[in-house]
Amino acid sequence: MAENPQAPAQATRPLSPHLTIYRWPVTMMTSITHRATGMALTVGALILAWWLVAISNGLDGGYQTFMALAASPLGMLVLFGATWSLAYHFFNGIRHLAWDLGYGFDKKLAERNSVIIFALSFLSALIIFAIVWTGHGGYLQ
Amino acid sequence: MKSLQTPLHRVKGLGSSHSGTGHFWRERITAAALVPLSLWFGYVAIGLSGTTTSAPLQFFAQPVNAILMASFVVISLYHAALGVQVVIDDYIHSPGMKIFLFLMVRLFVIATGSACLIALLRISVF
């Protein structure tokens, strides 16, 4: 049987390019990171709930366990991730609000701001950890 | 030809999307509210780091602090549910799975939020 001349040429049809095709501009990185940090912070809300519940259990009610886990290497890694995620989502969120008002769409400016937001978020997380590590936290007791 | 839409459906003017700009707007309103609340939360989290139990107990026993923390919890979880909904909308295409995941996200934020609020009530009221 001869080939059907009306067979759809599905295999050769061009497809819309996706993440794996594009060269990654920094603005694409910030967009994806905003979404990823948002998802991470949603899961991270469990840490906040755990912290508050541990406090509410009163003296010897699990708060010391929470604090000991938070000070363990894995705990500090998780908390650093949460701190950086919150800092990043905070700074890039402000940029999103500015975009919604119509500011900051210039290509060069958006690229420059993307680099600033990455740098600022890491710097903030590092400064917060430095404050806590050097014992300058805990001023609310 | 006479439209098959009900008069209510037509007057709402939302078509097959079922919703308008409400979701977008709520995401922005909660984001704006979270700008000062997140700064306050950071101040509190650092301020209570490395303390014994009595420090956070006394801190959240103050009504102002309990109310601010409750606001941060509720608004951030609401914002989270709205945000995760967009991610599900983007990547899940089967309507049944989409609705199931929406319900799971809401269950998660309501359960997590309730735990936080009950904890704050236990500290500040009882």
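Residues numbered from 1 in each chain as written. Chains lettered and ligands numbered in written order. Predicted model: local features only at pLDDT ≥ 70, side-chain atom pairs only at ≥ 80, totals over all residues.

## Let's talk about the overall build of chain B
Scanning chain B for helices and strands turns up five helices and zero strands. The C-alpha atoms of chain B give a radius of gyration of 20 Å, which is well past the 14 Å a tight globule of 126 residues would have. For chain B, the C-alpha atoms occupy an extent of roughly 75 × 25 × 25 Å along the three principal directions. Here chain B holds 126 residues, and the buried ones make up 20% of them. Counting only contacts in chain B whose residues sit at least 6 apart along the sequence, the fraction spanning at least 24 positions is 73%. (Helix = DSSP H or I, 4+ residues; strand = E, 2+ residues; numbered from the N terminus. Rg over C-alpha atoms; globule rule 2.2 N^0.38 Å. Buried ≥ 20, exposed ≤ 12 C-beta atoms within 10 Å, placed from the backbone. Contact = placed C-beta atoms within 7 Å.)

## Here's the deal with the overall build of chain A
Helices and strands together make up the secondary structure of chain A, namely four helices and zero strands. Each helix (α) and strand (β) of chain A, taken in turn from the N terminus, gives the series α-α-α-α. Taken over the C-alpha trace, chain A has a radius of gyration of 23 Å; the compact-globule value for 141 residues is 14 Å, which it surpasses by more than 25%. Projecting the C-alpha coordinates of chain A onto the three principal axes gives extents of approximately 85 × 45 × 25 Å. A burial count over chain A gives 23% of its 141 residues as buried. Restricting the contact set of chain A to residue pairs at least 6 apart, pairs at least 24 apart contribute 69%.

## Re the interface of chain A and chain B
Each side of the interface is counted separately: chain A has 31 residues, and chain B has 31 residues. For the side of chain A that touches chain B, the elements supplying multiple residues, two or more each, are α1 (26–56), α3 (73–100) and α4 (107–133) of chain A. Tallying contributions element by element places α1(A) first for the side of chain A that touches chain B, with 13 residues. For the side of chain A that touches chain B, the residue count by class is 20 nonpolar, nine polar and two charged. (Nonpolar A, V, L, I, M, F, W, Y, C, P; charged D, E, K, R; others polar.)

## A short note on the confidence of the model for chain B
On average, chain B scores 93 in pLDDT, and the residues at 70 or more come to 98%. Reported confidence for the predicted complex is 0.89 by ipTM and 0.88 by pTM. (pLDDT = per-residue confidence, 0-100.)

## Quick notes on the packing of α3(A) against α4(A)
Residues and elements named next belong to chain A. One can describe the packing of α3 onto α4 by two numbers: an axis separation of 8 Å at closest approach and a directional angle of 145°. Regarding α3 and α4, the two cross each other, and that crossing is right-handed. Where α3 abuts α4, its residues F80, T83, W84, A87, Y88, F91, N92 and R95 lie against N113, I117, L120, S121, F122, S124, A125, I128 and F129. Its residues assigned to classes, the contact of α3 with α4 shows eleven nonpolar, five polar and one charged. (Axes fitted to C-alpha atoms, helices over the stretch in contact; angles between N-to-C directions. Left-handed = near helix turned anticlockwise from the far one by under 90°.)

## Some remarks on the nonpolar core
In terms of nonpolar packing, the biggest core is built from 35 residues, with L52(A), I55(A), A87(A), A80(B), C116(B) and L120(B) touching the most fellow members. Secondary structure elements with two or more residues in this core: α1, α3 and α4 of chain A together with α4 (63–91) and α5 (95–124) of chain B. When near neighbours in sequence (up to four residues on either side) are disregarded, I55(A) contacts Y63(A), T53(B), P56(B), L57(B), F60(B), A119(B) and I123(B). (Core = buried A, V, L, I, M, F, W, Y, C linked by C-beta atoms within 7 Å.)

## Looking at helix α2 (residues 22–47) of chain B
Under the 1.5 Å per step criterion, the end-to-end length of α2(B) is 37 Å for 26 residues, consistent within 8% with the ideal 38 Å. Looking only at α2(B), the buried set comprises T30(B), A31(B), L34(B) and I46(B). Considering only its buried residues, α2(B) is in contact with α3 and α4 of chain A together with α4 of chain B. (Expected span 1.5 Å × (residues − 1).)

## So, the environment of M29(A)
Following the sequence through the fold, M29(A) ends up in helix α1. Between the alpha carbons of M29(A) and V115(A) there is a distance of 9.9 Å; along the sequence they are 86 residues apart.

## A look at the environment of I99(B)
All names here are of chain B. Residue position: I99 is located in helix α5. Note on I99: 12 C-beta atoms within 10 Å, which makes it exposed. Note: C-alpha distance between I99 and D89 (ten residues apart in sequence) is 9.8 Å.

## Notes on α3(A)
Given 3.6 residues per helical turn, the α-helix brings residues three or four places apart onto the same face. Here α3(A) is 28 residues long and its end C-alpha atoms lie 40 Å apart, about the 40 Å a rise of 1.5 Å per residue gives. Of the residues trailing α3(A), G102(A) is marked for its positive phi of about 95°.

## A word on the packing of α2(B) against α4(B)
Residues and elements named next belong to chain B. Viewed as axis vectors pointing N to C, α2 and α4 meet at an angle of 140°, and their least axial separation amounts to 9 Å. Classed by the angle they form, the pair α2 and α4 counts as oblique. In this structure, the crossing between α2 and α4 has a hand that is left-handed. Taking contact as the criterion, the partners of H23, R26, E27, T30, A31, A33, L34, L37, W40 and F41 in α2 are, on α4, L68, S71, F72, I75, S76, Y78, H79, L82 and G83. Partitioning the contact of α2 with α4 into residue classes produces eleven nonpolar, six polar and two charged. (Parallel < 35°, antiparallel > 145°, perpendicular 65-115°, else oblique.)

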